[in-house]
Amino acid sequence: MLEAELLRHSINKLTARDLLEAEAILAELEEAMAAGDTQLATGKLNAEFHSKLYSKAQRPQTRELVDVYSKNSERYVRMHILLAGGIKTAPEEHRQLLELCRDKNTKGACDFLKKHITGAKDDIKALLLKLESEQ
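Residues numbered from 1 in each chain as written. Predicted model: local features only at pLDDT ≥ 70, side-chain atom pairs only at ≥ 80, totals over all residues. Heavy atoms only, no water.

Under an unreviewed UniProt entry, the protein chain has the name GntR C-terminal domain-containing protein and belongs to Pseudoalteromonas piscicida.

Here it is as structure tokens:
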């Protein structure tokens, strides 16, 4: 998974300032979700939070691919937040990921990130199958 690869190359280079900035973005993301601003939460802020964690990877081509995939999947992330239960799980998952990064737990953070992304994918897939069966 490309995101985990970026995180693996970035995590040990993240500074205290980087982590504080990621935490500030996360606070904004949580506020936007609580206020019902899913456009901001699932688009800009979610991407900024993840991007901050990958920011020290020094893998520009991989980063470019992830950025393109992230932009193209925004509608599915929004679907996950709004309709598939992500609004309940995403904030705590982001907090856990940030703590693993703060602890410089590379394996734990990368494994958790994979679980975070595949869990969202599985939730979206189940929702789409359910919606299709109801037609």
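Here the narrative resumes, following the displayed structure.
### Examining the overall build of the protein chain
Counting its regular elements, the protein chain contains 7 helices and 0 strands. Going from N to C terminus, the protein chain has its helices and strands arranged as α-α-α-α-α-α-α. Buried positions account for 39% of the 135 residues belonging to the protein chain. Restricting the contact set of the protein chain to residue pairs at least 6 apart, pairs at least 24 apart contribute 78%. Taken as a whole, the protein chain presents about 7,800 Å² of accessible surface, with 54% of it coming from carbon and sulfur. (Helix = DSSP H or I, 4+ residues; strand = E, 2+ residues; numbered from the N terminus. Buried < 20%, exposed > 50% of the residue type's maximum accessible area, 1.4 Å probe, protein only. Contact = heavy atoms within 4.5 Å. Areas by Shrake-Rupley, 256 points an atom, 1.4 Å probe, with all protein chains shown as cover.)

### Some thoughts on the pattern of salt bridges
In total, this model carries 13 salt bridges according to the counting rule given. Between Arg63 and Asp67 there is a salt bridge; the shortest N-O distance is 3.6 Å. You can see Arg63 and its partner Asp67 sitting in helix H4 (residues 60-72), 4 residues apart, about one turn around the helix. What emerges from the salt-bridge pattern is a single network uniting Arg17, Asp18, Glu21, Lys52 and Lys56. (Salt bridge = Lys/Arg side-chain N within 4 Å of Asp/Glu carboxyl O.)

### Some details on the environment of Tyr54
Positionally, Tyr54 belongs in helix H3 (residues 38-54). Its relative accessible area of 4% is what places Tyr54 among the buried residues. Note: C-alpha distance between Tyr54 and His9 (45 residues apart in sequence) is 7.8 Å. Leave out the neighbours within four places in its chain, and Tyr54 touches Glu3, Leu6, Leu7, Ser10, Arg63, Val66 and Leu113.

### Description of the packing of helix H1 (residues 2-10) against helix H7 (residues 106-133)
Two measures define how a pair of helices packs: the angle their axes make with one another and the distance between the axes. Axis separation between H1 and H7 bottoms out at 9 Å; the angle between their running directions is 155°. Our classification of the angle between H1 and H7 gives roughly antiparallel. Seen along the crossing, H1 lies across H7 with a hand that is right-handed. Of H7, the residues touching H1 (which contributes Glu3, Ala4, Leu7 and Arg8) are Thr106, Ala109, Cys110, Leu113, Lys114 and Ile117. Split by residue class, the contact of H1 with H7 holds 6 nonpolar, 1 polar and 3 charged. (Axes fitted to C-alpha atoms, helices over the stretch in contact; angles between N-to-C directions. Parallel < 35°, antiparallel > 145°, perpendicular 65-115°, else oblique. Left-handed = near helix turned anticlockwise from the far one by under 90°. Nonpolar A, V, L, I, M, F, W, Y, C, P; charged D, E, K, R; others polar.)

### Observations concerning a nonpolar patch on the surface
On the surface, Leu2, Leu65, Val68 and Tyr69 cluster together into a nonpolar patch covering about 340 Å² of accessible area. It is H4 that contributes the most residues to the nonpolar patch, 3 residues altogether. Mapped onto the secondary structure, Val68 falls in helix H4. (Patch = residues over 30% accessible without salt bridge, like charges linked within 9 Å, V, L, I, M, F, W, Y side chains within 5 Å.)

### Some points on helix H2 (residues 16-34)
The first and last C-alpha atoms of H2 sit 27 Å apart over 19 residues, in line with the 27 Å expected at 1.5 Å per residue. Of the positions making up H2, those classed as buried are Asp18, Leu19, Ala22, Ile25, Leu26, Leu29, Ala32 and Met33. For H2, the arc enclosing every buried residue in end-on projection is 135°, short of the 170-degree limit, so these residues lie on one face. Residues of H2 that are exposed and point over 90 degrees away from its buried face: Ala16, Arg17, Leu20, Glu31 and Ala34. Phi for Gly36, located one or two positions after H2, is positive at around 80°. (Expected span 1.5 Å × (residues − 1). Arc of directions from axis to C-beta.)

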